[in-house]
Amino acid sequence: MRRVADEDLAEALAAAIEGDAAAFAVLWRALHPYVLRYLRVVCGDAAEDVASETWLQVSRDLSRFRGTATAFRVWLFRIARNRGIDENRRAWRRHEEPHEAIDQLAASAVAPDAAAEVVALADTDRAVGLIATLPREQAEAVMLRVVAGLDVAGTAKVLGKRSGAVRVATMRGLRRLAEHPQVRDYRNAAEDGPDAS
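In this text, all values refer to a predicted model and were calculated from it rather than measured experimentally.

Novice: Help me understand the overall build of the protein in this model?
Specialist: Counting its secondary structure elements, the protein contains 10 helices and 0 strands. Here the analysis covers contacts within the protein between residues at least 6 apart in sequence; of these, 66% occur between residues at least 24 apart. Put simply, the protein shows about 11700 Å² of open surface, and 52% of that area lies on carbon and sulfur atoms.

Novice: What should I look at first to understand the side chain of Gln 138 in this one?
Specialist: Among the secondary structure elements, Gln 138 is positioned in helix H7 (residues 136–147). The class for Gln 138 is buried, based on a relative accessible area of 11%. Among all residues touching Gln 138, those that are not within four sequence positions of it are Ala 169, Arg 172, Gly 173 and Arg 176.

Novice: Which parts of the structure should I look at to understand the packing of helix H1 (residues 6–17) against helix H4 (residues 69–94)?
Specialist: Packed helices, taken two at a time, are described by the angle their axes make and the gap between the axes. Running from N to C, H1 and H4 point in directions that differ by 85°, and their axes come no closer than 8 Å. Here H1 lies roughly perpendicular to H4, going by the angle between them. Two secondary-structure elements touch here, H1 through Asp 6, Leu 9, Ala 10 and Leu 13 and H4 through Ala 69, Thr 70, Phe 72 and Arg 73. Broken down by class, the residue content of the contact of H1 with H4 amounts to 5 nonpolar, 1 polar and 2 charged.

Novice: Would you mind going over the layout of surface pockets with me for this structure?
Specialist: It is the rolling of a water-molecule-sized probe over the atoms that shows where space remains empty. Taken as a whole, the second largest pocket holds about 240 Å³ of empty space. Every residue lining the second largest pocket is listed: Asp 123, Arg 126, Ala 127, Leu 130, Ile 131, Leu 177, Gln 182, Val 183 and Tyr 186. Those elements that place two or more of their residues in the lining of the second largest pocket are helix H6 (114–132) and helix H10 (181–192). Sort the elements by how many residues they give to the lining of the second largest pocket and H6 lands first, with 5 residues.

Novice: What's the story with helix H8 (residues 152–159) in this structure? I'm lost.
Specialist: Structurally, the α-helix is built with 3.6 residues per turn, so residues lying three or four positions apart point the same way. Counting buried positions over the 8 residues of H8 gives 6, a clear majority of the element. Looking at H8, one finds that the buried residues are Val 152, Gly 154, Thr 155, Ala 156, Val 158 and Leu 159. Among the structural elements, helix H2 (21–43), H4, H7 and helix H9 (163–179) are those in contact with the buried residues of H8. With its phi angle positive at about 70°, Gly 160 sits one or two positions after the end of H8.

Conventions used here
- Residues numbered from 1 in each chain as written.
- Predicted model: local features only at pLDDT ≥ 70, side-chain atom pairs only at ≥ 80, totals over all residues.
- Heavy atoms only, no water.
- Helix = DSSP H or I, 4+ residues; strand = E, 2+ residues; numbered from the N terminus.
- Contact = heavy atoms within 4.5 Å.
- Areas by Shrake-Rupley, 256 points an atom, 1.4 Å probe, with all protein chains shown as cover.
- Buried < 20%, exposed > 50% of the residue type's maximum accessible area, 1.4 Å probe, protein only.
- Axes fitted to C-alpha atoms, helices over the stretch in contact; angles between N-to-C directions.
- Parallel < 35°, antiparallel > 145°, perpendicular 65-115°, else oblique.
- Nonpolar A, V, L, I, M, F, W, Y, C, P; charged D, E, K, R; others polar.
- 1 Å grid on protein atoms, 1.4 Å probe; cavity = no way out; pocket = protein on both sides within 12 Å on 5 of 7 lines; lining within 4 Å.
- Points joined across faces, edges and corners; volume = space filled by probe spheres on them.

Structure (structure tokens):
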């Protein structure tokens, strides 16, 4: 999946702020997969529900938003993070497991090459799963910087941290991922190629 540049979202954002539902749908289609992946790291199986709550709040408050597409992305992920933290608190108080997420978007998507889509989804799920094994601060920094595409300053705003702390957390998280046995095995298999036995 190709990440949509903030410059490409600026027109849709301006129209969505004015109440254009089609423009809001453009924002949702472009950013929802990243929000969902991020929330899978933050709140696990409750990610679908929390993503829905996030977009509901965005739709309610969007008319008051002022800023660039980059600022919108930061605002969106701050809302997602806060909703994820709230969900974790609720789940902890209930002492029960969150409901199992249903991948409605994946089920309803029409893919021209279903086999390629399944492989890409499996790789994405594997990557998100590996990132989720990192300490929380590192996992969030990696998801926001690498997967969601936020810059250091935007990630720092979302996480309520200093830019230096974001850089360090991202670097440490990426180093841990590079040293992870599954990543090393995958890299070695890729270097050996499919013909190696």
